[in-house]
Amino acid sequence: MQKRANQISFTRSAGRKEYLHIGLIGAGLQGRALAAACLRLNPQASVRIQAVCDIWPRNLDSLSNMLGKLSHWGHQARPYRNYRQMLTEEADLDAVLIATPDFCHSEQTIACLDKGLHVYCEPEMSNTIEGAGAMVLAARRTGKLLQIGRQRRSNPQYKHSVEILLQEEEILNQLTSVLAQHHRSQDICGPRGWPVESELSETELLQHGYHSMHELRNWRFVRRLGGGHFIEAATHQLDVFRWLLGDVRPASVIACGTKGYWPDNELFDTVVAVFEFPTPSGVVRAMYDLLMTNSSQASFEQFMGDQGTLVLSEDRHWSAAFREGWIANKDVAPKEWAKWVRWVNSGVLIDNEGHHKPEVEYLDWSPREKEETQQETVSAVDVRESPTPPRYQLPSVVHYPAYDTHLKNFFDAIRGKAQLTCPASEAFATTVMTLK
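Residues numbered from 1 in each chain as written. Predicted model: local features only at pLDDT ≥ 70, side-chain atom pairs only at ≥ 80, totals over all residues. Heavy atoms only, no water.

1. Notes on the overall build of the protein
- Helix and strand counts for the protein stand at 13 helices and 16 strands.
- For the protein, buried positions account for 50% of its 436 residues.
- Of all intrachain contacts in the protein linking residues separated by at least 6 positions in sequence, the fraction that spans at least 24 positions is 70%.
- On the protein, roughly 21,200 Å² of surface is accessible, and the fraction owed to carbon and sulfur atoms is 51%. (Helix = DSSP H or I, 4+ residues; strand = E, 2+ residues; numbered from the N terminus. Buried < 20%, exposed > 50% of the residue type's maximum accessible area, 1.4 Å probe, protein only. Contact = heavy atoms within 4.5 Å. Areas by Shrake-Rupley, 256 points an atom, 1.4 Å probe, with all protein chains shown as cover.)

Dropping the structure here:
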């Protein structure tokens, strides 16, 4: 086949290829999201989905048929119900994307690595620490790439905020507290049903580790199969904690949870956890709030220091930096004020006018007439409200759907053009923290 001038090539032991051949294991919601990302990344035909595997024909047929309509782009999407059969028959695969339930990840990942394939695996790595550790060792033994799908690690806005604003420029000064939340409406979190005509037989279900169709469709709520919504959401956000704090491990965690809204589930739908991270500048406490019955303020991470606050979210419109109100002008806090001026002038931050200016007037708290001050002494003791912190925008970055940049990093790493942003060796520590 003649190689087009605008196509990307890479080198393997088998020779030069114009595109990567991809297999996809898991054709549910997450698998379809990864497939859609591959299509968006594919204007130069650099990735082609050759095979799709899922044990449930309803999912498998839907995705395979959809991709089959794009065969003129090179997507074959041959359907398989057994991933080992797929690995045996698809001899020309370069990599596999895994989007199956957590308890499947370790076995499937290791089998793909041992077959000589690079792997992109959705988090959580495994539903057990032992399973996740075995994945790390398999990647090390085979020398193949294993990317874990914590996509914030490749998000341009997160990379700028963590690596430049927090770690390099230290805009918060001394970090004292971290807060993250993940709130979802109950209408998208409740138990999933299935058409009666699509049911698998009891024998088929048991063969794959499920006791019923309810378990197949709602594995997240079954303790031996998954970790509930907490693990699904927290693995991404707690990873940001570690990323920010420079791989500091938490010294302790206090947590409480309930399953009052869906009492038949084995795992909680509401959780609050507080971690303590020992850092060189002092203990940083990080609170995580999970709520599956209300979507108020959605999902974000908030980092708070003695000179400012940084809010990050995959919905980039929520992201912003806030300067503490006491840093009001150069007469009050000259060194601190000068730093915020420099950050705006250098483009690290953007104020509301597109340039730096004091957003609030500094309030003069000097005593008034003596008798007036004496009259207000009692009431003034309890009035210690801080001025509203001024808001700064983060620099505009090209915005991509959540999975695109992370998958692109994986594909670039296979071609030798990049380093993985979330390799298994790095992801394992967050997995341990989340599962514990």
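2. Notes on the confidence of the model for the protein
- Residue-level pLDDT values for the protein average 87, and 87% of them are 70 or greater.
- In this model, residues 354–381 is a region of pLDDT below 50 whose contacts with residues beyond four sequence positions or in other chains number 22 contacts. (pLDDT = per-residue confidence, 0-100.)

3. Concerning the sheet that holds strand β3 (residues 20–25)
- The six strands lie next to each other as β5-β4-β3-β6-β7-β8, forming an open sheet whose pairing is parallel. Single-partner strands in this sheet number two, and they are β5 (78–80) and β8 (146–148). Neighbour-to-neighbour, the strand axes of the sheet open up by a mean angle of 20 degrees, direction not taken into account.
- Where β3 lies against strand β6 (residues 95–98), four bridges are found, and the strand directions are parallel. Bridging from a neighbouring strand, Gly 23 pairs with Val 96 of β6. (Pairing = 2+ DSSP bridges. Axes fitted to C-alpha atoms, helices over the stretch in contact; angles between N-to-C directions.)

4. Overview of the pairing of β6
- What you see with β6 is no split at all: Ala 95 and Leu 97 on one side and Val 96 and Ile 98 on the other are buried throughout.
- Sheet topology note: the β6/strand β7 (residues 118–121) ladder contains four bridges and is parallel. Following the sheet pairing, Val 96 is matched in β7 by Val 119.

5. A short note on the packing of helix α1 (residues 29–40) against helix α2 (residues 57–68)
- One can describe the packing of α1 onto α2 by two numbers: an axis separation of 11 Å at closest approach and a directional angle of 10 degrees. In terms of orientation, α1 and α2 fall into the roughly parallel class. Contact with α1, carried on its side by Gly 31, Arg 32, Ala 35 and Leu 39, involves Asn 59, Leu 63 and Leu 67 of α2 and no other residues of that element. (Parallel < 35°, antiparallel > 145°, perpendicular 65-115°, else oblique.)

6. Some thoughts on the pairing of strand β11 (residues 270–279)
- Where burial is concerned, the two faces of β11 differ: the one with Val 271, Ala 273, Phe 275, Phe 277 and Thr 279 is buried and the one with Thr 270, Val 272, Val 274, Glu 276 and Pro 278 is not.
- For strand β10 (residues 252–258) and β11, the ladder comprises seven bridges, and the chain directions are antiparallel. Among the inter-strand pairings, Thr 258 is bridged to a residue of β11, identified as Thr 270.
- In sequence, β11 turns back onto strand β12 (residues 282–291) through a hairpin of two residues.

7. Side note on the nonpolar core
- The biggest cluster of nonpolar side chains holds 47 residues, and the ones touching the most others in it are Leu 175, Phe 277, Tyr 288, Phe 303, Leu 310 and Leu 349.
- For this core, the elements supplying multiple residues, two or more each, are α6 (156–168), β9 (175–183), α9 (228–245), β11, β12, β14 (308–312) and α10 (334–345).
- Ranked by the residues each element gives to this core, the list is headed by α9, at 10 residues.
- Not counting residues up to four positions away in its chain, the partners in contact with Phe 277 are Phe 241, Leu 245, Val 248, Arg 249, Pro 250, Gly 282, Val 283, Val 284, Ala 286 and Met 433.
- In terms of nonpolar packing, the next biggest core, distinct from the first, is built from 28 residues, Val 52, Leu 67, Ala 99 and Phe 411 among them. (Core = buried A, V, L, I, M, F, W, Y, C linked by side-chain atoms within 4.5 Å.)

8. Section: the environment of Gly 23
- As for its placement among the helices and strands, Gly 23 is situated in strand β3.
- For Gly 23 and Ile 49, which are 26 residues apart along the polypeptide, the C-alpha to C-alpha distance reads 5.9 Å.

9. Digging into the sheet that holds β9
- Taken in spatial order, the eight strands make up an open sheet running β10-β11-β12-β9-β13-β14-β15-β16, and their pairing is mixed. Strands at the two margins of the open sheet, each flanked by one partner only, are β10 and β16 (391–392).
- Both β9 and β12 contribute to a ladder of seven bridges, which runs parallel. Within β12, the position partnered with Ala 180 by the bridge is Tyr 288.
- Sheet contacts for α6: β13 (299–305) and β14; angle to β14, the most-contacted strand, approximately 160 degrees.
- Sitting on the sheet, α9 touches β9, β11, β12 and β13, and the angle it makes with β12 is about 155 degrees.

10. Let's talk about the side chain of Ser 154
- Tracing the backbone shows Ser 154 in the loop between β8 and α6.
- Given the relative accessible area of 7%, Ser 154 is considered buried.
- Side-chain polar atoms of Ser 154 contact the side chain of His 406, separated by 2.7 Å.
- For Ser 154, the residues in contact, after removing those within four places along its chain, are Lys 159, Thr 405, His 406, Asn 409 and Thr 421. (Polar contact = N/O pair within 3.5 Å; in protein donor to acceptor, adjacent residues only side chain to side chain.)

11. Here we look at the packing of α6 against α9
- The contact between α6 and α9 brings their axes to 10 Å, and the two run at 35 degrees. Relative to α9, the crossing made by α6 is right-handed. Packed against α6, whose contacting residues are Tyr 158, Lys 159, Val 162, Glu 163, Leu 166 and Gln 167, the element α9 presents Val 240, Trp 243 and Leu 244 at the interface.
- Tallied by class, the residues present in the contact of α6 with α9 amount to six nonpolar, one polar and two charged. (Left-handed = near helix turned anticlockwise from the far one by under 90°. Nonpolar A, V, L, I, M, F, W, Y, C, P; charged D, E, K, R; others polar.)

12. Brief notes about helix α4 (residues 102–114)
- For α4, which comprises 13 residues, the first-to-last C-alpha distance of 19 Å matches the rise-based estimate of 18 Å (1.5 Å per residue) to within 8%.
- Of all the residues in α4, the buried ones are Asp 102, Cys 104, His 105, Ser 106, Gln 108, Thr 109, Ala 111, Cys 112 and Leu 113.
- Positive phi appears at Gly 116, one or two residues downstream of α4, with a value of about 90 degrees. (Expected span 1.5 Å × (residues − 1).)

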